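Spelled out from the first residue to the last, the chains are:
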Amino acid sequence: FEMGKDGYDRVDKKKKKGKEDINDLKKELDMDWHKIPWDELCSRLETDTNKGLTQSKYEEVFKREGPNRLTPPKTTPEWVKFCKQLFGGFSTLLWIGAILCFFAYGVQTTKFVEPPKDNIYLGVVLTFVVVVTGIFAYYQEAKSAAIMDSFKKMVPREATVIRDGKTSVINAELLTLGDLVELKGGDKVPADVRIVSCSSFKVDNSSLTGESEPQSRGPECTEDNPIETKNLAFFSTNAVEGTARAVVVSCGDNTVMGRIASLASSLSNDVTPIAIELEHFIHIISAVAVFLGVVFFFLSLILKYEWLEAVVFLIGIIVANVPEGLLATVTVCLTLTAKRMAKKNCLVKNLEAVETLGSTSTICSDKTGTLTQNRMTVAHVWFDEKIWECDTVPDQKNRNFNYGDPTCAALIRVASLCNRAVFLADQEEKSVLSRDCQGDASESALLKCVELVLKDEASSDTITFRENHKKVVEIPFNSTNKYQVSVHELPDKSQNLLVMKGAPERILQRCNSIMLNGEVVDMPEDSEYRKKFNDAYETLGGMGERVLGFCHCLLDVEKYPIGYAFDNEEVNFPLEGFTFVGLMAMIDPPRAGVPGAVAKCKSAGIKVIMVTGDHPITAEAIAKNVGIISTTSKTVECIAKEKGVIVEELSDDDKKAANAAVVHGSKLKEMEEHDIDQLLVNHEEIVFARTSPQQKLIIVEAFQRAGQIVAVTGDGVNDSPALKKADIGNYTQFITCVLT
C-alpha cells in the first residue's frame, strides 16, 4: 500500500492482479481523512459539502477509480473441484493400482488365449470406488458451498447522492470519491464516508468492531484511530437511526471492509491434519509396495520365470499392498459425521474439517454474537440501595426483585414511559427476550425487561401501561444533553408525571431527593446516598455493563394542570429538582450453553481464548461470566488493585503470579512476534480486546507457530481473515454454524 494524494492507504490495482503481498494487508489501517480540516478534504477530492461533485468531475474520478464494489476472489471452476476429488491424495494411489491391474491384464492377454480376469475385475472395482467416493465428496461440499452463498449478501444496492446540488437515488456501485451522500436509519452505508452533519445518527458496527450497541456518529473527530472516531462510517455497516449527510472518502477495495476481504481472499488454505496423515501413509505404503514388488520381480527372474510373468508378479504385489477400501471408509465416515452435524445446524463446507475439529487444541472465539446473544439485555437494576438481578436468558427466570416494592414499581414505570421502543407485530408466540423491536438497542432492552415484569407480576403489558399514561410532551435523547424526558397524564387524570432517563451522573445532578422503600428522602450534595450511588455505578460499570439512571417528578397541579400546553422547543416545565429512582444496567449476555461448553473444552485440555473488538472491561466481564477466565485466576491489573499500586510498580514475581491476561489491541500492536509467543506460553487464560481483523489473524498465526491446531469461531466480517487462516473456521450465523 502507498499513501495516495487523497490521504488513504490505497490498494495498488496492478499489484492486486498479481500476487498479493499479505504482509502489506496485515498492516493496520493508516489514513487521515477523519483528522484533516474540511477545506483540505474538499480540496483533495475537489468536492463541495453542500452541492457535492460536479457531473464532469464525477465522470473523471469514476473513470479513474472504477466501480464502488469489492473485487470477487478468484473462484475454482467446478470441473477442477471435481477432478481434485477424483485424482487428489489417496485417490491417486488407487488410480495407479487400477492402471497397473489393466496393464497386467493386457500383459496376460499376450500370453494366454483365455487370460484370467482377476486383474480386470480388480481394476474395475478400484475405478468404481474412486469415482463413487469422488462424486460423493464433491456433492457434499458443493451442497454446503451453495448454502454459504446465501451469507454473502452484504453489499448495499442503492444510495442517495447529491451532485451539482441535485438529489437522486442511484446504484451504490456508481458512487465515487468525493460524492455527497444522504443516509437515514435502515440504510446500509454505501462506502467509507466522513460525516458532514447529522441528527441522532447511529450505526451498527458489530460486524466490524464487535460492539453490541449502535454507535453514535457526529461531525467531530474524537480519536486518532479511524475505527474509533465518531466522524467516520464504514462500507456495508447498518445505519440504525437518525439522518446524516456525508462525503465518500473511499470506495470498493479501498474501504475498511475491502481491505479485510482482500486479506481473507489472499490467505491460502493450510493442509488439514488428516490430509497430512493420509499423505504420510501413502508415501509409506507406496514405498513398501514398490520395494516388495521389485524384490519379487527379481526373485521371479532368478527362479527362471518369464519376464512377462515376473511383471505380473510385480504388479500383483504392488496392487495387493494398496488398501482399496480405505478411501471409501474415510469418505463415508466423514460424510456420515457431517450429516449428523447438519441435523444440529452445523454445515460442513470441507469434509476434512470434520476430523480437524476433533484435533483442535486451541479455540479462539469472538465475543459478540458467538459467545453472547448479540442483543442488549438488562442484567441488573439498583434501587433501595441494593443491586438486583434480572432475566437475561429466554425461558430462564433469574429475577430476584418484586414489582410489589414501591420503588421497583416506580422504576418500572419510568423505564416503560420514558421509552420510544416498541415490539414488532405478530410475535406473541415468542418469548419476550427473543422478540424483535423497533428502536434503539438500549431502549429495546429496557422494553423487554419492563414487559417481563408487567406480564409476570402485574398481569399487564407495556402497550396497556402506556395507553393508561397518555404522553403529553417529549424531549428526545441527544448526545449533548444526554437525557430523555417526557410528561404523561396519570391514569386518573389528576396530575401530570414527568419521567427522565439518561447518563446516571447527569440524572443525579438534576435530583435533590431519592426514593427509598417508597418514601422520598432529601439528598443534599454531601449526602451518603450520593456515595452509595457512585459505588453502585462503579460496580455495575466494572462488570462491563452500560448503566442508565432514572428519575421522576409529580408536577404541581396548579402550575401544570391537565391540559397545560407543554412546549419542548421553548421548554416551559422544570428540568431539575427531581426524585432519583434507580439504575438499570445492560449488557450483551452470554448464550445459555456457553459456560457449559467452555467447561467441557477445558476439561478436554482445549485452551479457550477470547479475541474481540469490544472494550476490555466488557470483554473481561463476559470472559469471567462464561469461564474463559476462571474465578481463581488473576490478571496483573487485579493483583495491582489488590496491592493498591499501578501495574508498572508490580515486582517481576507479582507479574509472574498472574496466570490470566487481558491484552488491549494497542498493546498488541507494539509487540513483536517473540513477545506474543511468550505471552501465549506464560498465560493459560487470555482475552484479547479492541483487536482489529489484522490482529486476530496475527494471534491465530502465533498459536499455529506454537504447534497448536487452532479453531476460530466468529460471526462478523472482522473475523474472516482469522477464520480463513485457522486450521478450522467455525462461522456462526444466527443458530447455524459452518465448518471450513
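Just so it is clear, the model here is predicted, and its values are computed rather than measured. (Residues numbered from 1 in each chain as written. Predicted model: local features only at pLDDT ≥ 70, side-chain atom pairs only at ≥ 80, totals over all residues. Heavy atoms only, no water.)

**Thoughts on the pattern of salt bridges**
This is how the line gets drawn: The term salt bridge refers to a pairing of a side-chain nitrogen on Lys or Arg with a carboxyl oxygen on Asp or Glu at a separation within 4 Å. Segments assigned H or I by DSSP are reported as helices when at least four residues long, segments assigned E as strands when at least two residues long, and all are numbered from the N terminus. Summary of the burial criterion: residues with accessible area below 20% of their type's maximum are buried, those above 50% are exposed, and those between are partly exposed, where the area comes from a 1.4 Å probe applied to protein chains only.
By the definition in use, this model includes 33 salt bridges. Between Arg44 and Asp32 there is a salt bridge; the shortest N-O distance is 3.0 Å. Note that Arg44 is positioned in helix α3 (residues 38-45) and Asp32 in the loop between α2 (22-25) and α3, a separation of 12 residues in sequence. Owing to a relative accessible area of 23%, Arg44 belongs among the partly exposed residues under this scheme. The partner of Glu474 in a salt bridge is Arg420, with the nearest N and O atoms 3.6 Å apart.

**Looking at the nonpolar core**
So the rule is basically this: What makes a nonpolar core is a set of buried Ala, Val, Leu, Ile, Met, Phe, Trp, Tyr and Cys residues whose side-chain atoms join them at distances within 4.5 Å. Here, two residues are considered to be in contact whenever any of their heavy atoms come within 4.5 Å of each other.
Core analysis: the biggest nonpolar cluster contains 40 residues, and Trp33, Leu41, Val181, Val193 and Phe201 have the highest contact counts within it. For this core, the secondary structure elements donating two or more residues are α3, β3 (158-163), β5 (180-184), β6 (192-204), β8 (232-233), β9 (238-250) and α9 (256-266). With six residues, β9 is the single largest residue contributor to this core. Apart from the residues within four sequence positions on either side, Val181 is in contact with Thr160, Val161, Leu175, Val193, Ala244, Arg245, Ala246 and Val248. Within the second largest apolar cluster, 33 residues are counted, among which are Ala410, Ala441, Leu490 and Met515.

**Some thoughts on the environment of Ala137**
Relative to the assigned elements, Ala137 resides in helix α7 (residues 118-148). Exposure remark for Ala137: the relative accessible area of 5% places this residue in the buried category. Along the chain, Ala137 and Val348 lie 211 residues apart, while their C-alpha atoms are 11 Å from each other. In contact with Ala137, other than residues within four places in its own chain, are Gln85, Thr331 and Leu351.

**Some points on the pairing of β6**
What counts is decided by this rule: Paired strands, in this sense, are two strands between which DSSP finds at least two bridges.
For β6 and β9, the ladder comprises 10 bridges, and the chain directions are antiparallel. Looking at the pairing, Val193 lines up with Val248 of β9. Sheet analysis places β6 next to β8, joined by two bridges and oriented antiparallel. Note that in β8 the partner of Arg194 across the bridge is Leu232.

**Here we look at unusual backbone geometry**
With a phi close to 55 degrees, Glu46 is a non-glycine residue in the positive phi region. One can find Glu46 in the loop between α3 and α4 (55-65).

**Thoughts on empty space enclosed by the protein**
Short version of the rule: A 1.4 Å probe that fits into a set of points on a 1 Å grid over the protein atoms alone but cannot get out defines a cavity; an open set with protein on both sides within 12 Å along at least five of seven lines defines a pocket, and lining residues are those with an atom within 4 Å of a point. Grid points are joined across faces, edges and corners, and a volume is the space filled by probe spheres set on the points.
Applying the stated criterion to the full structure yields one cavity of 30 Å³ or more. Space inside the largest cavity adds up to approximately 60 Å³. Lining of the largest cavity is provided by Cys364, Ser365, Asp366, Val611, Lys696, Ile699, Val700, Val712, Thr713, Asp719 and Ala722. Counting residues per element, the ones that place at least two in the lining of the largest cavity are β11 (362-365), α25 (693-705) and β26 (710-714). Per-element accounting of the lining of the largest cavity gives the leading share, three residues, to α25.

**As for the packing of helix α10 (residues 273-302) against helix α11 (residues 307-320)**
Applicable threshold: Working convention: axes come from line fits to C-alpha atoms, limited for helices to the stretch in contact. Angles between N-to-C directions cover 0 to 180 degrees. Note on angle classes: values under 35 degrees are labelled roughly parallel, values over 145 roughly antiparallel, values of 65 to 115 roughly perpendicular, and the remainder oblique. What makes a crossing left-handed is the near helix being turned counterclockwise from the far one by less than a right angle; a clockwise turn instead makes it right-handed. In this classification, the charged set is Asp, Glu, Lys and Arg, the nonpolar set is Ala, Val, Leu, Ile, Met, Phe, Trp, Tyr, Cys and Pro, and all remaining amino acids, among them Gly, are polar.
Relative orientation of the contacting elements α10 and α11 amounts to 155 degrees, with a least axis distance of 8 Å. Between α10 and α11, the angle is such that the two are roughly antiparallel. Handedness of the α10/α11 crossing: right-handed. Here α10 contributes Ala289, Val290, Leu292, Gly293, Val294, Phe296, Phe297, Ser300 and Leu301 to the contact with α11, which in turn contributes Trp307, Ala310, Val311, Phe313, Leu314, Ile317 and Ile318. For the contact of α10 with α11, a count of residues per class yields 14 nonpolar, two polar and no charged.

**Overview of the confidence of the model for the protein**
Definition in use: One confidence number per residue, pLDDT, is output by the predictor and ranges from 0 to 100.
Mean pLDDT over the protein works out to 84, with 90% of the residues at or above the 70 mark. Here residues 146-154 scores under 50 on pLDDT; set against residues more than four positions off or in separate chains, the count is 10 contacts.

**Considerations on the environment of Arg217**
Put simply, the rule reads: In the analysis that follows, any N or O atom pair within 3.5 Å is treated as a polar contact, provided that within protein one partner can donate a hydrogen and the other can accept it, and provided that, for residues neighboring in sequence, both atoms belong to side chains.
Residue position: Arg217 is located in the loop between β7 (215-216) and β8. The class of Arg217 is buried, set by a relative accessible area of 7%. Each C-alpha atom of the pair Arg217 and Ala244 lies 8.7 Å from the other, and the pair is 27 residues apart in sequence. Those residues in contact with Arg217, other than ones at most four positions away along the chain, are Ile195, Cys198, Phe201, Val203, Asn205, Thr229, Lys230 and Leu232. Side-chain polar atoms of Arg217 contact the backbone oxygen of Leu232, separated by 2.7 Å.

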